[in-house]
Number of protein chains: 2
Amino acid sequence: MYKINENYLKLPGSYLFSTIGKKVNEFTAANPEKKIIRLGIGDVTLPLAPAVIDRMHKAVDEMSSPETFKGYAPDLGYEFLREAIAVNDFKTRGVDIALDEIFISDGAKSDSGNIGDIFDIDNKIAVCDPVYPVYVDTNAMSGRTGEYLPELGKWSNVIYMPCTAETNFAPELPKERPDIIYLCFPNNPTGSTINKDELQKWVDYALKVGAVIIYDAAYEAYISEEDVPHTIYECEGAKACAIELRSFSKNAGFTGTRLGFTVIPKELKCGDVTLNSLWARRHGTKFNGAPYIIQAAGAAVYTEEGKKQTQEQIAYYMNNAKVIRDGLASAGYTVSGGVNAPYIWLKTPEKMTSWDFFDYLLQDANVVGTPGSGFGPSGEGYFRLTAFGSYENTVEAIERIKKL
Amino acid sequence: MYKINENYLKLPGSYLFSTIGKKVNEFTAANPEKKIIRLGIGDVTLPLAPAVIDRMHKAVDEMSSPETFKGYAPDLGYEFLREAIAVNDFKTRGVDIALDEIFISDGAKSDSGNIGDIFDIDNKIAVCDPVYPVYVDTNAMSGRTGEYLPELGKWSNVIYMPCTAETNFAPELPKERPDIIYLCFPNNPTGSTINKDELQKWVDYALKVGAVIIYDAAYEAYISEEDVPHTIYECEGAKACAIELRSFSKNAGFTGTRLGFTVIPKELKCGDVTLNSLWARRHGTKFNGAPYIIQAAGAAVYTEEGKKQTQEQIAYYMNNAKVIRDGLASAGYTVSGGVNAPYIWLKTPEKMTSWDFFDYLLQDANVVGTPGSGFGPSGEGYFRLTAFGSYENTVEAIERIKKL
């Protein structure tokens, strides 16, 4: 008899967004006249930029003619896109990334899950707490995280690095030595970030202890402060210890369009083996490229028009973030994030649990957010609001919260 | 120090298409005046059907307006597409597949590689020989195949099922008991297939020995004969032992557009655990859906216009297949395939090796095909030609071969 991967059975239910959905549905059924405003899930709402739309129409037309039709894409992705990335995301920051160090994918979620394939099961991971659940869940699926301890909300073989008000929402170097360190800055869910000197400490630490950093920079386009690094490769030595994940989801509204990329410098070696060669092998064997139409759309993000238009979108969301942050602060809440990220992280008032505050906000303000405890035990007592709603809804939601 | 997945280092180089490319480039450099005709790689050449193009333009426009913009897709894929699949691919064949048994993906290559994630490492796989390399390579990457034995061109812990003229290019039930059986009909690379009674024997066998069948039906649209099953679920009991993989790459020319799906019936259980629930968990955790635009394009394939147009494309390719098959037969070659599949499998003349025949065809007819030995040891002495070229090139290639 065949055997299943028993690690899947250890996973706790992914209750967060389904529980939120259930609670909202129940409330709506009981209160059909109330207008709910959702500032919970991190999904964009603005339509794709005109430059992207134009390029996609052209690409669709190319697929309609035998002369310009595109079959299988090159393994690493189209060179026109990798070239635009190398120039705009790295060269402009003083970082040289070669075209064969860039791997185009269907998004950072796939990449952050799949990257584990190239590592041995016997590696100890370190994650921030709270954290984007995919890092931990995908490692759990491959058997790297030990046993789940429900009473703690933690896995037995994972190093958790608390990120709370006490740590200024940044992780501290762990006492126990990790093999693989997941970092995400600007951070989901806290919206916090760290400056270049602080990130350099992580690079130095990884080089010292022989760890690899998986650096998720999906929100780099939201950085507004000068000394916050846009790529980990701004730090000295990072090419020898870090993989960077990037996404078009939040910088260009591609959550439903699907495009991302992973950077693996050839300097990154385990003994004689470059991780670049391992990922190239995985990419070529288990993936067949992002659609040509979508890769063309991605390249349009880097045109002058595309940059201008997507920056306007980001400015729109960041204005929402300011509305939320300032509004909550003036109402007496303790807030962080929202300056270099589209997420605002607030401390629940009067020591309410995250879920109690969720219920309170839903019942009394008809506003939906995300309980911080859903992202990890150190998220307890915190709450996430996102800046991805419309300006009008965002203003109204904050007015309602202020009136409570 | 972190550790890499050492299984990757066991993989032999993927020399097949790179060696072909190198040989063709060398020939072209030495003979710039010669016109090469490529009937090697299984990539389509006809542009997307007008109904698909129209729907994609509409979907692009939907992404340009806040009212119709689409963010993250539903985990399993859009219901409009799963509904079209359930009705057209299964209901019409007398098979009931529920919408939550269909998982939309970015293609059958990803699915056939990723499906291994839900199974324990300690499962023994059985594959046809010759075979689509992704099945074996992805199992090797996860450590399921033992050691590679270069002198045999085989892995130590894989059951190989020879498919040669002696077996009528169909596998025989293996003597050793497998846990996971990969079947692909119509077959890549041989172009052969089996009838419903023969496939029923595999289903009965899997149920008897407690194996699961991964059934790759990527080429089902090319079936022309009556008694050849279009889905494994036409066989009694298959829902309790088989996962089916489907692709839009060859039936609608989506090789560069990327869309596929996996069917996992809820009857398929290992003890109390449905494989459907495991795949749902993987799909939701390590994947974020195919792009809305592409899912909309996929649904257009199932409209009346879309069906008519894609059937015309398939007829075009199958006419090429007939040209190749009949032409080679009349020239004295022993050929198979090409009746229910876009691949023609020929026996090399005079006991030439597959690579010797490759060189001979390249040098003397300037035609590029694929050496059968590249798909496995039992492919030695065979050669694959594909029907995906233009009609004109196909006719000319066969004329050249006939003149040899």
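Residues numbered from 1 in each chain as written. Chains lettered and ligands numbered in written order. Predicted model: local features only at pLDDT ≥ 70, side-chain atom pairs only at ≥ 80, totals over all residues. Heavy atoms only, no water.

### Side note on the interface of chain B and chain A
- Listed per partner, the contact involves 77 residues of chain B and 77 residues of chain A.
- The interface formed by chain B and chain A includes 2 salt bridges.
- We note a salt bridge from D137 of chain A to R281 of chain B, for which the minimum N-O separation is 3.6 Å.
- Linking chain B with chain A are 33 residue pairs in polar contact (both at pLDDT 80 or more), by the criterion used here.
- Elements with a minimum of two residues in the side of chain B that touches chain A: α1 (7-10), α3 (50-62), α5 (108-114), α6 (133-141), β11 (269-270), α8 (275-286) and α9 (292-300) of chain B.
- A per-class count over the side of chain B that touches chain A returns 36 nonpolar, 23 polar and 18 charged. (Contact = heavy atoms within 4.5 Å. Salt bridge = Lys/Arg side-chain N within 4 Å of Asp/Glu carboxyl O. Polar contact = N/O pair within 3.5 Å; in protein donor to acceptor, adjacent residues only side chain to side chain. Helix = DSSP H or I, 4+ residues; strand = E, 2+ residues; numbered from the N terminus. Nonpolar A, V, L, I, M, F, W, Y, C, P; charged D, E, K, R; others polar.)

### What about the packing of aromatic side chains?
Residue and element names in this part refer to chain B.
- Following the criterion strictly, the structure yields 48 aromatic pairs over all chains and no others.
- Centre to centre, the rings of Y78 and Y292 are 5.2 Å apart; their planes meet at 75 degrees, and the pair counts as edge-to-face. Note that Y78 is positioned in the loop between α3 and α4 (79-90) and Y292 in helix α9, a separation of 214 residues in sequence.
- Here Y292 falls in the buried class, since its relative accessible area comes to 3%.
- Taking NZ or CZ as reference, K70 lies 4.7 Å from the ring centre of Y292, over its face.
- Note that K347 overlies the ring of Y382, its terminal NZ or CZ placed 4.6 Å from the centroid. (Phe/Tyr/Trp six-rings, centres within 6.5 Å; stacked < 30°, edge-to-face > 60°. Buried < 20%, exposed > 50% of the residue type's maximum accessible area, 1.4 Å probe, protein only. Lys NZ or Arg CZ within 6 Å of the ring centre and 35° of its normal.)

### Describing the side chain of K109 of chain A
- Locating K109 of chain A in the fold gives a position in helix α5 (residues 108-114).
- Nearest to the buried, unbridged K109 of chain A among oppositely charged side chains is D75 of chain B, at 5.0 Å.
- Those residues in contact with K109 of chain A, other than ones at most four positions away along the chain, are Y132 and V134 of chain A together with G284, T285, K286, F287 and N288 of chain B. (Lys, Arg positive; Asp, Glu negative; His and termini not counted.)

### A look at the UniProt feature "binding site: pyridoxal 5'-phosphate" (unreviewed entry) in chain A
Residues and elements named next belong to chain A.
- Feature annotation in UniProt assigns "binding site: pyridoxal 5'-phosphate" (unreviewed entry) to the following positions: Y72, A108, K109, Y132, N188, Y219, S247, F248, S249, R258 and N288. These annotated residues cover 217 residues of sequence, and their C-alpha atoms sit far apart, with the largest distance between any two at 34.0 Å.
- Its place among the elements puts A108 in helix α5.
- Discounting chain neighbours no more than four positions away, the residues touching A108 are R246 and S247.
- Among the secondary structure elements, Y219 is positioned in the loop between β8 (212-216) and β9 (242-247).
- The buried category is assigned to Y219, whose relative accessible area is 5%.
- Every residue in contact with Y219, bar those within four places of it in the chain, is listed here: P186, N188, K250, N340, P342 and Y343. (UniProt positions renumbered as here; feature names shortened; annotations may be inferred.)

### What about the environment of V273 of chain A?
- Of note, V273 of chain A is situated in strand β12 (residues 273-274).
- Residue classification places V273 of chain A among the buried positions, given a relative accessible area of 17%.
- For the pair V273 of chain A and S156 of chain A, spaced 117 residues apart in the sequence, the C-alpha separation amounts to 30 Å.
- Setting aside residues no more than four positions away along its own chain, V273 of chain A makes contact with L268 and L278 of chain A together with I4 and L9 of chain B.

### Brief notes about the relation of the copies chain B and chain A
- In the superposition of chain B on chain A (RMSD 0.0 Å, axial shift 0.0 Å), the rotation amounts to 180 degrees. Here the transformation between the copies is reduced to the relation of a two-fold axis. Minimal C-alpha distance to the rotation axis in chain B is attained by H57 of chain B, lying at 3.0 Å.
- Looking at the interface residues of chain B, 100% of them are also at the interface in chain A, so both copies use one shared face. (Least-squares fit on C-alpha atoms with pLDDT ≥ 70 in both.)

### Some remarks on the sheet that holds strand β17 (residues 382-386) of chain A
All names here are of chain A.
- The strand order across the open sheet formed by 4 strands is β13-β14-β17-β16, and the pairing between neighbours is antiparallel. If you trace the sheet from one side to the other, it starts and ends with β13 (335-337) and β16 (370-371), each paired once.
- Pairing between β13 and strand β14 (residues 343-347): 3 bridges, direction antiparallel. Bridged to G337 within β14 is I344. (Pairing = 2+ DSSP bridges.)

### Some details on the pairing of strand β8 (residues 212-216) of chain B
All names here are of chain B.
- Counting buried positions along β8 gives 5 out of 5 residues, so the element sits mostly inside the fold.
- Here 5 bridges tie strand β7 (residues 180-184) to β8, and the two strands are oriented parallel to one another. Within the sheet, the bridge partner assigned to C184 lies in β8 and is D216.
- In this view, the connection linking β7 to its parallel neighbour β8 by way of helix α7 (residues 196-209) has right-handed handedness. (Right-handed = clockwise from strand over helix to strand, strands pointing away.)

### Observations regarding the environment of G40 of chain B
Residues and elements named next belong to chain B.
- Relative to the helices and strands, G40 resides in the loop between β1 (37-38) and α3.
- Overall, G40 belongs to the buried group, its relative accessible area being 5%.
- As for G40 and G389, which are separated by 349 residues in sequence, their C-alpha atoms are 9.2 Å apart.
- If we skip the residues at most four places from it in the chain, G40 touches V368, G369, T370, R384 and T386.

### Structural notes on the pattern of salt bridges
All names here are of chain A.
- Counting across every chain of the model gives 40 salt bridges over all chains.
- The salt bridge partner of D96 is K91, with a shortest N-O separation of 2.8 Å.
- The class of K91 is exposed, set by a relative accessible area of 52%.
- One network of salt bridges, with partners in common, ties together D89, E220, E244 and R246.

### Focus on the UniProt feature "binding site: substrate" (unreviewed entry) in chain A
Residues and elements named next belong to chain A.
- The feature "binding site: substrate" (unreviewed entry), as given by UniProt, occupies Y15, G42, K109, Y132, N188, N288 and R384 in the numbering adopted here. On the basis of their most widely separated C-alpha atoms, the annotated residues across 370 residues do not gather in one place, lying as much as 35.8 Å apart.
- Inspection of the secondary structure puts Y132 in the loop between β3 (125-129) and α6 (133-141).
- Leave out the neighbours within four places in its chain, and Y132 touches K109, S112, N188 and D216.
- Inspection of the secondary structure assignment puts R384 in strand β17.
- The exposure class assigned to R384 is buried, which follows from its relative accessible area of 2%.

### Concerning a negative patch on the surface
- On the surface, D197, E198, E225, E226 and D227 of chain A cluster together to form a negatively charged patch.
- Turning to its location among the elements, E225 of chain A is positioned in the loop between β8 and β9. (Patch = residues over 30% accessible without salt bridge, like charges linked within 9 Å, V, L, I, M, F, W, Y side chains within 5 Å. Areas by Shrake-Rupley, 256 points an atom, 1.4 Å probe, with all protein chains shown as cover. Charge placed at Lys NZ, Arg CZ, Asp CG, Glu CD.)

### Quick look at the sheet that holds β8 of chain A
Residue and element names in this part refer to chain A.
- Across the sheet, which stays open at both edges, the 7 strands sit in the order β2-β10-β9-β8-β7-β3-β6 with mixed pairing between neighbours. Looking along the sheet, the strands with just one partner apiece sit at the ends: β2 (102-105) and β6 (158-162). Pairs of neighbouring strands in the sheet enclose a mean axial angle of 20 degrees, with direction left out of account.
- Two strands pair when backbone bridges link them, and β2 and strand β10 (residues 260-263) are joined in this way by 4 bridges, in the antiparallel orientation. In the sheet register, F103 faces β10, and the bridge partner there is T262.
- Where helix α8 (residues 275-286) meets the sheet, it contacts β2, β8, β9 and β10, and its direction lies at approximately 25 degrees from that of β2. (Axes fitted to C-alpha atoms, helices over the stretch in contact; angles between N-to-C directions.)

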